[in-house]
Amino acid sequence: MKILVCISKTPDTTAKIAFTDNNTKFAEAGVQWIINPYDEWYALVRAIELKEKDSSVVIHLVTVGAADADPIIRKALALGGDEAIRVNSDSHDSFVIASQIAAVAQEGGYDLIFTGKETIDYNGSAIGGMVAELLDLPFVSLATKLELNGTTATITREIEGGEEVNEVSLPLTVSCQKGMAEQRIPNMKGIMGARTKPLKVKEPVAIEALTSVAGFGLPPAKAGVKLVPADNPAELVRLLHEEAKII
Amino acid sequence: MSVLIFIDQAEGHVKKASLEAISYGAAIASQLNLPAEGVVLGSTEEDLSALGNYGVQTIHHVNNPALNQFDAQVYTRVIAAAAAASKATVIIFSNNVDGRAIAPRLSARLKAGLVAGAVALPDTSNGFVVKKNVFSGKAFANISVTTPIKIISLSPNAYKTVTTGGKATVSNLDVPVESGKVKVTAVNKVSGEISLAEAEVVVSAGRGLKGPENWGMVEELAHLLHAATACSRPVADIGWRPHHEHVGQTGLAIAPNLYFAIGISGAIQHLAGVNRSKVIVVINKDPEAPFFKAADYGIVGDAFEVVPKIIEAVKKIQH
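Residues numbered from 1 in each chain as written. Chains lettered and ligands numbered in written order. Predicted model: local features only at pLDDT ≥ 70, side-chain atom pairs only at ≥ 80, totals over all residues.

(A) Spotlight on the overall build of chain B. A count of helical and extended segments in chain B gives eight helices and 17 strands. A globule of 319 residues ought to have a C-alpha radius of gyration of about 20 Å, and chain B, at 21 Å, matches this closely. Its C-alpha atoms give chain B principal-axis dimensions of roughly 60 × 45 × 40 Å. Across the 319 residues that make up chain B, the buried fraction comes to 58%. Counted over contacts in chain B with a minimum sequence separation of 6, partners at least 24 positions apart contribute 66%. (Helix = DSSP H or I, 4+ residues; strand = E, 2+ residues; numbered from the N terminus. Rg over C-alpha atoms; globule rule 2.2 N^0.38 Å. Buried ≥ 20, exposed ≤ 12 C-beta atoms within 10 Å, placed from the backbone. Contact = placed C-beta atoms within 7 Å.)

This is the structure:
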């Protein structure tokens, strides 16, 4: 059983969001980088849990990024996983990134490909679906549970107003969200071990981007809160009804 | 050429998010001087011609019961066939659960640039540029799409439905449907509950409520406002409320017209899930709660005294 976990480097949740170069680039100065939370807490940790149950499971990590992504991959390897592959491309186009991952996946022959449900920077939730299409694999999105029974996966996924249980034969691509696994932190043994785990760097395949960022912007600042006295909540209801006109 | 809109169903009924997608697609069609066409997959309980009221002129119905179960791989192929049949140059999805699964697949299949989570109509004055949220709502990006076919998935609640009074022409589209590899073995719906992702009003509460037994007033206010209920992460983690109600960075990101935050301090991780709400009301007894900085209206006070009075006042204006 081979699992490929897709890892993305994202700014920390609390990072200040600003732009440079005439609002065409994210201002990276002073930003703390983390493993995209959905990739880490749900995709990677679920893969590790599967390996803990069945030691024959092999976990590979893949990221598409420049050398500054290496610390993030080492951190992911400290949590678990046997080796990592970094495709040396700093593209932000989903299709270019998905094509690189698909090329890695094709070479490695994986039974399961995990992604987080989306990254917290571009919020595209596109990679899992694109990789699945490029490899002609089934895709179950927004998974909250996954169990394996031989070569069959039983997956619970979110639907509007509830959940659905799917049964799919491997190989398969899954995007993971809350519920899949319990968050954990790397221990000292993991951190020491990660230093010697293989991190292979692979040059990207030539793929043309389908989109580009014309510019970034920040939403207009809120006008400020209008406070209503605690002894007169009816005034709040009046404002919502007559001023904001939303109830 | 056309603008093709994927009209998503649940148990044979069109989802509200799809009505927004129809109005949005119809507006793009008129911008580009193209017909607005829709595609519906599987059996339906609806009078599809009535969807013309939202601006779609033609509906292609692939009425094959094999499509009554969702499989992103199968759906993608059928929609690709419909797109070829209608010579679509722009394809619209809602960025809801199904749209998030199909739109990226279709993008890769057709080598068509995808803007996932659009919040406004495209700017076609110089190329094709679509605005979307990035950094979990803390910023936006204008994405330029240069491929011959463009795919946009529209954020739920970002575009208001527009009714035109029209009728759509419905025709059956016969395309081969392969059997899917995904088998649906169970569906568990929380009956009677308003879907949190689609809700226009959301009433949410946090640890300030002190215990799960105190949620009665939250549910009552939600019921009065036809709202969905939500909660903060700690409340879901300690089991006071179900996980699917958790909104925030690691839970669900929502964008309702009105978001009530009761007894939630407003940590940055929570704000990341709700900062696209149009109006935010915060009720918290701590005047220093960070949520007040992101709020439009607020009351500094004890939720147990304030919320029942809000309920009474809402009842009065509804009479």
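(B) Summary view of the overall build of chain A. Counting its regular elements, chain A contains six helices and 15 strands. Dimensions along the principal axes, computed over C-alpha positions, put chain A at roughly 65 × 45 × 40 Å. Expressed as a percentage of its 247 residues, the buried residues of chain A come to 49%. When contacts within chain A are restricted to residue pairs at least 6 apart in sequence, those whose partners lie at least 24 apart make up 71%.

(C) Molecular detail of the packing of helix α2 (residues 72-85) of chain B against helix α3 (residues 97-110) of chain B. Residues and elements named next belong to chain B. The geometry of α2 relative to α3 is characterised by a closest axis approach of 9 Å and an angle of 55° between their N-to-C directions. With respect to each other, α2 and α3 are oriented oblique. Considering the relative orientation of α2 and α3, their crossing is right-handed. Residue-level inspection shows Ala72, Tyr75, Thr76, Ile79 and Ala80 of α2 in contact with α3, the latter providing Ala101, Ile102, Arg105, Leu106, Arg109 and Leu110. Of the residues contributing to the contact of α2 with α3, the split by class is eight nonpolar, one polar and two charged. (Axes fitted to C-alpha atoms, helices over the stretch in contact; angles between N-to-C directions. Parallel < 35°, antiparallel > 145°, perpendicular 65-115°, else oblique. Left-handed = near helix turned anticlockwise from the far one by under 90°. Nonpolar A, V, L, I, M, F, W, Y, C, P; charged D, E, K, R; others polar.)

(D) Geometry of the sheet that holds strand β15 (residues 258-262) of chain B. The parallel open sheet is built from six strands, whose spatial order is β15(A)-β17(B)-β16(B)-β15(B)-β13(B)-β14(B). Two strands in the sheet have a free side with no partner beyond their single neighbour: β15 (226-227) of chain A together with β14 (228-231) of chain B. Across five bridges, β15 of chain B lies against strand β16 (residues 279-284) of chain B in parallel orientation. Within the sheet, the bridge partner assigned to alanine 261 of chain B lies in β16 of chain B and is valine 282 of chain B. Sitting on the sheet, helix α6 (residues 233-243) of chain A touches β15 of chain A together with β16 and β17 (297-300) of chain B, and the angle it makes with β17 of chain B is about 175°. (Pairing = 2+ DSSP bridges.)

(E) Region of interest: the nonpolar core. Ranked by size, the top nonpolar core spans 184 residues in total, and within it Val5, Ile101 and Val131 of chain A together with Ile92 and Val202 of chain B carry the most contacts. If near-sequence neighbours (up to four positions away) are discounted, valine 202 of chain B is found in contact with Leu196, Ala227, Ala228, Ala230, Ile254, Pro256, Tyr259 and Phe260 of chain B. (Core = buried A, V, L, I, M, F, W, Y, C linked by C-beta atoms within 7 Å.)

(F) Quick peek at the pairing of strand β9 (residues 139-145) of chain B. The buried fraction of β9 of chain B amounts to five of the seven residues, a majority that puts the element mostly inside the structure. As defined by bridge partners, strand β14 (residues 211-217) of chain A adjoins β9 of chain B across six bridges and the pair is classed as antiparallel. Bridge pairing in β9 of chain B links threonine 211 of chain A to valine 145 of chain B. The pairing of strand β8 (residues 129-134) of chain B with β9 of chain B spans six bridges and is classified as antiparallel. Note that in β9 of chain B the partner of lysine 131 of chain B across the bridge is asparagine 142 of chain B. The antiparallel hairpin formed by β8 of chain B and β9 of chain B contains four residues in its connecting segment, where phenylalanine 135 of chain B sits at a positive phi of about 50°.

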